[in-house]
Amino acid sequence: MPQLYPLMICSEHYMPERYARIRGQGSVFIASLRAAEKAGGMWLAFQDSNGNSAVKQGDIVSFAQISHIDWLSQAEIVVECKVLNWGQVCANALAFSNEWMAPCIRAESLELWPKLYKQRNTHALQLALEKINLQYPELKASDLQENISSECVKQLCWRWLELLPLPINTKQRLLKSPSASLCIRYLGFILRQSDRFNHLPR
């Protein structure tokens, strides 16, 4: 059943089963935080560098609950939250709740890629992710396992989609696919083209 919750637009695509840190400032941001506290959660929608947001009907969003707000942080307010599950936007227009006084969207909880068959070609993705985690430890999500098992195909794909600066339409198409197969194939193609992994001169 569709659920109406406050909307938070993020520049990062936070995946479920992890903790997220969101930073922001301004009256709209503060109103959205207060609304999310009252409502018991919020929908997180991804926005790319061109200002395009994944808030259209059928787009994939994620649901998060606030665990802590640092109102006294320096230039920006820092929010710690736990991302719980995926959702799919049910209507094109933003809604407004008189109770929360903040932009809201109506979305339905969604289990992404429910039929998970054994996937091939995940070993290269796993090794490449481990290399990136070693080289850039600041990018590694602290709450994820030290090494994501190649059997955890969903988490492996979601972590790559979180890290890679892909266009918003590409991420949405991969998330909307019925299984992880398309995502595995696409990510494998990116790795094969990358000079970091095929040792071409930079």
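So, how was this worked out
Residues numbered from 1 in each chain as written. Predicted model: local features only at pLDDT ≥ 70, side-chain atom pairs only at ≥ 80, totals over all residues. Heavy atoms only, no water. Helix = DSSP H or I, 4+ residues; strand = E, 2+ residues; numbered from the N terminus. Buried < 20%, exposed > 50% of the residue type's maximum accessible area, 1.4 Å probe, protein only. Areas by Shrake-Rupley, 256 points an atom, 1.4 Å probe, with all protein chains shown as cover. Phe/Tyr/Trp six-rings, centres within 6.5 Å; stacked < 30°, edge-to-face > 60°. pLDDT = per-residue confidence, 0-100. Axes fitted to C-alpha atoms, helices over the stretch in contact; angles between N-to-C directions. Parallel < 35°, antiparallel > 145°, perpendicular 65-115°, else oblique. Left-handed = near helix turned anticlockwise from the far one by under 90°. Contact = heavy atoms within 4.5 Å. Salt bridge = Lys/Arg side-chain N within 4 Å of Asp/Glu carboxyl O. Core = buried A, V, L, I, M, F, W, Y, C linked by side-chain atoms within 4.5 Å. Nonpolar A, V, L, I, M, F, W, Y, C, P; charged D, E, K, R; others polar.

1. Comments concerning the overall build of the protein chain
Here comes step 1: Counting its regular elements, the protein chain contains six helices and seven strands.
Here comes step 2: Going from N to C terminus, the protein chain has its helices and strands arranged as β-β-α-β-β-β-β-β-α-α-α-α-α.
Here comes step 3: Considering the protein chain as a whole, with its 202 residues, one finds that 46% of them fall into the buried category.
Here comes step 4: Entry remark: accessible area of the protein chain is about 11500 Å², with carbon and sulfur atoms responsible for 52%.

2. Considerations on the packing of aromatic side chains
Each pair of aromatic rings is reported with the distance of its centres and the angle of its planes.
Here comes step 1: With the rule as written, the count across this model stands at five aromatic pairs.
Here comes step 2: Considering the side-chain rings of tryptophan 113 and tryptophan 158, the 6.3 Å spacing of their centres and the 35° angle between planes classify their relative orientation as tilted. In this pair, tryptophan 113 is assigned in the loop between strand S7 (103-110) and helix H2 (123-135) and tryptophan 158 in helix H3 (residues 153-163), connecting sequence segments 45 residues apart.
Here comes step 3: Residue classification places tryptophan 113 among the buried positions, given a relative accessible area of 1%.

3. So, the confidence of the model for the protein chain
Here comes step 1: Within the protein chain, residue pLDDT values average 83, and 86% of them lie at 70 or more.
Here comes step 2: Within the protein chain, no element has a lower average pLDDT than helix H6 (residues 195-198), which sits at 54, and none a higher one than strand S4 (residues 60-70), at 95.

4. Side note on the packing of H3 against helix H5 (residues 181-193)
Here comes step 1: Axis separation between H3 and H5 bottoms out at 11 Å; the angle between their running directions is 50°. In terms of orientation, H3 and H5 fall into the oblique class. In the packing of H3 onto H5, the handedness of the crossing is left-handed. Along its contact with H3, which presents Val153, Cys157, Trp160 and Leu161, the element H5 presents Cys183, Ile184, Leu187 and Leu191.

5. As for the pattern of salt bridges
Here comes step 1: Using the criterion set out here, one finds six salt bridges in the structure.
Here comes step 2: Residues arginine 18 and glutamate 162 are paired through a salt bridge, measuring 2.6 Å at the closest nitrogen-oxygen approach. Here glutamate 162 lies in helix H3 and arginine 18 lies in strand S2 (residues 18-24), a separation of 144 residues in the sequence.
Here comes step 3: On the accessibility criterion, arginine 18 (12% relative accessible area) is buried.
Here comes step 4: What makes glutamate 162 buried here is its relative accessible area of 10%.
Here comes step 5: Taking the shortest distance from any N to any O, the salt bridge between glutamate 162 and arginine 159 comes out at 2.7 Å.

6. Structural notes on the nonpolar core
The nonpolar side chains of a soluble globular protein tend to be buried with one another.
Here comes step 1: Grouped together as the largest cluster of nonpolar side chains are 24 residues, with contacts concentrated most on Cys157 and Trp160.
Here comes step 2: Elements with a minimum of two residues in this core: H2, H3, helix H4 (168-176) and H5.
Here comes step 3: No other element matches H3, which puts six residues into this core.
Here comes step 4: Tryptophan 160 has contacts with Leu125, Ala128, Leu129, Ile132, Leu187 and Leu191, leaving out every residue within four places of it along the chain.
Here comes step 5: Cys10, Ile22, Leu44 and Ala64 belong to the second-largest nonpolar core, a separate cluster that totals 16 residues.

7. Overview of the packing of H2 against H3
Here comes step 1: Between H2 and H3, whose axes approach to 11 Å, the crossing angle comes to 50°. Relative to H3, H2 is oriented oblique. Helix-helix and strand crossings are classified by hand; for H2 and H3 the assignment is left-handed. Within the contact between the two elements, H2 uses Leu125, Gln126, Ala128, Leu129 and Ile132 and H3 uses Leu156, Arg159, Trp160 and Leu163.
Here comes step 2: A class-by-class count of the residues in the contact of H2 with H3 yields seven nonpolar, one polar and one charged.

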